[in-house]
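These are the residues of each chain, in order.
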Amino acid sequence: MATTYCTVADVSDFLRIPISATTSPTKAQVEKIINRKEEYLDRRIGHTFGRNKTIAKEKHDLALLYTYGWGVPIYLQHRNCRPLDASAGDKIEIWEGASSSYADILTDTEFYEFDETYGRLYLRGYLFSIMRKNRVRVTYRYGDESVPDDVEDACVKLTCIELLNSSLRMDTLPMGGNAISPQQSMNAWKADVEEIIGERAEVFGIP
C-alpha cells in the first residue's frame, strides 16, 4: 500500500521499534493508518502534498467582472493546480440552457486562460451572458510536488498517536533515565500537530 507523507520506516524510527510483515502492528496495518492520517491532514489543511487530487464538477457562478486581456475570472477552491489535460479527466464545462446540459470547452483553448499557481481560470466570450448562476463546472487536479518536512512530521506523530491509542507494543517510551507515559507523549505530539495544521491551513472564502 503506497504512502506519501511518511513511510513505515519513519514511524519505526520515531518509536524506536521494529515494524515488519510479522510484527504487531504489521507493516500493512501501519500503512493503513498512514493513509488515513494523510486524508485527515488534507481535510484539515485544505491542500495536498506530493500527489495529485481531483476536484470533480466544482460549480461557479459567472461574476459580472472582467480582467482586461484575460477574461471573466473564476477562482477555483485550490491552488498549485496541474495544467488542464483532457486525457487526465480535466474539464471546463459551461451550462447550455438550450440543451439543458453542460458542454466541455477544454479543447477550445481560445475561450480560456488558466493560472495554475493561483487556481484562476479566465473565460472569454461570457461577459455579457444572461445566464450566470452555476454556469461553470470545472474538474481539475491540484497538489504540491513535494511533501514539506513539517507535514511529514505531523503525519508520523498522528500515526504514532493512533498506535499508542490502540495499545500496541509498548507501555512506556524510555527517555534517558526517566520514563515518559504514553499519554504525556501523545499530548505533546498532538500539540505539535495542531501547530503545524494551524500554520498550514488554507483560507477559503464563502461565496
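Above: the structure in question.
Being a predicted model, the structure only gives us computed values, none of them experimental.

J.: Give a description of the sheet that holds strand β5 (residues 112-115) that names residues and reports values.
T.: Read across the sheet, 3 strands follow the order β2-β6-β5 without closing on themselves; strand pairing throughout is antiparallel. Each edge of the open sheet carries a strand with a single partner, namely β2 (72-75) and β5. Each strand axis lies, on average, 20 degrees off the axis of its neighbour in the sheet, ignoring direction. Of the pairings in the sheet, the one linking β5 to strand β6 (residues 120-123) comprises 4 bridges and is antiparallel in character. By the bridge assignment, Phe-114 is partnered in β6 with Leu-121.

J.: Please set out the pattern of salt bridges residue by residue, giving values where relevant.
T.: The full count for this structure, using the stated rule, is 20 salt bridges. A salt bridge links Arg-44 to Glu-194, with the shortest nitrogen-to-oxygen separation between them at 2.9 Å. Within this pair, whereas Arg-44 is found in helix α2 (residues 27-45), its partner Glu-194 is found in helix α4 (residues 182-200), the two being separated by 150 residues in sequence. Judged by relative accessible area, Glu-194 falls into the partly exposed class, the value being 40%. When the shortest N-O distance is used, the salt bridge between Lys-157 and Asp-153 registers 3.2 Å. With Lys-157 and Asp-153 both in helix α3 (residues 149-165) and 4 residues apart, the pair spans about one turn of that helix. Look at Lys-157 and you get buried, because its relative accessible area is 10%. Given a relative accessible area of 27%, Asp-153 falls into the partly exposed group. Sharing partners across several salt bridges, the network here consists of Glu-38, Glu-39, Asp-42, Arg-51 and Lys-53.

J.: Can you lay out the sheet that holds strand β3 (residues 91-96) for me, pointing to particular residues and giving the numbers?
T.: Taken together, the 4 strands give an open sheet; going across it, the order is β1-β7-β3-β4, and neighbouring strands pair in antiparallel fashion. Every other strand in the sheet has two partners, leaving β1 (53-60) and β4 (101-104) as the edge strands with one partner each. This sheet shows a mean twist of 25 degrees between the axes of neighbouring strands, independent of strand direction. One ladder, built from 4 bridges, connects β3 with β4; its direction is antiparallel. Residue pairing in the sheet places Glu-93 in a bridge with Asp-104 of β4.

J.: Which residues make up the pairing of β3, and what values do they have?
T.: Where β3 and strand β7 (residues 136-142) come together, 4 bridges link them in antiparallel fashion. Counterpart to Glu-93 in the pairing with β7 is Arg-137.

J.: So, the packing of α2 against α4: which residues are in play, and what are the values?
T.: Axis separation between α2 and α4 bottoms out at 9 Å; the angle between their running directions is 45 degrees. Judged on the interaxial angle alone, α4 and α2 are oblique. Contact residues: α2 offers Tyr-40, Leu-41, Arg-44 and Ile-45, while α4 offers Glu-194, Ile-197 and Arg-200. Among the residues forming the contact of α2 with α4, the class breakdown is 4 nonpolar, no polar and 3 charged.

J.: For the environment of Tyr-75, give the residues involved together with the corresponding values.
T.: Here Tyr-75 is to be found in strand β2. Separated by 47 residues in the primary sequence, Tyr-75 and Tyr-122 place their C-alpha atoms 8.7 Å from one another.

J.: Report on the side chain of Asp-144, specifying residues and quantitative values.
T.: Note that Asp-144 resides in the loop between β7 and α3. Accessibility expressed as a relative area gives 15% for Asp-144, which makes it buried. Within the local environment of Asp-144, its side chain forms a polar contact with the side chain of His-47, the two groups lying 2.6 Å apart.

The rules behind the values
- Residues numbered from 1 in each chain as written.
- Predicted model: local features only at pLDDT ≥ 70, side-chain atom pairs only at ≥ 80, totals over all residues.
- Heavy atoms only, no water.
- Pairing = 2+ DSSP bridges.
- Helix = DSSP H or I, 4+ residues; strand = E, 2+ residues; numbered from the N terminus.
- Axes fitted to C-alpha atoms, helices over the stretch in contact; angles between N-to-C directions.
- Salt bridge = Lys/Arg side-chain N within 4 Å of Asp/Glu carboxyl O.
- Buried < 20%, exposed > 50% of the residue type's maximum accessible area, 1.4 Å probe, protein only.
- Parallel < 35°, antiparallel > 145°, perpendicular 65-115°, else oblique.
- Contact = heavy atoms within 4.5 Å.
- Nonpolar A, V, L, I, M, F, W, Y, C, P; charged D, E, K, R; others polar.
- Polar contact = N/O pair within 3.5 Å; in protein donor to acceptor, adjacent residues only side chain to side chain.

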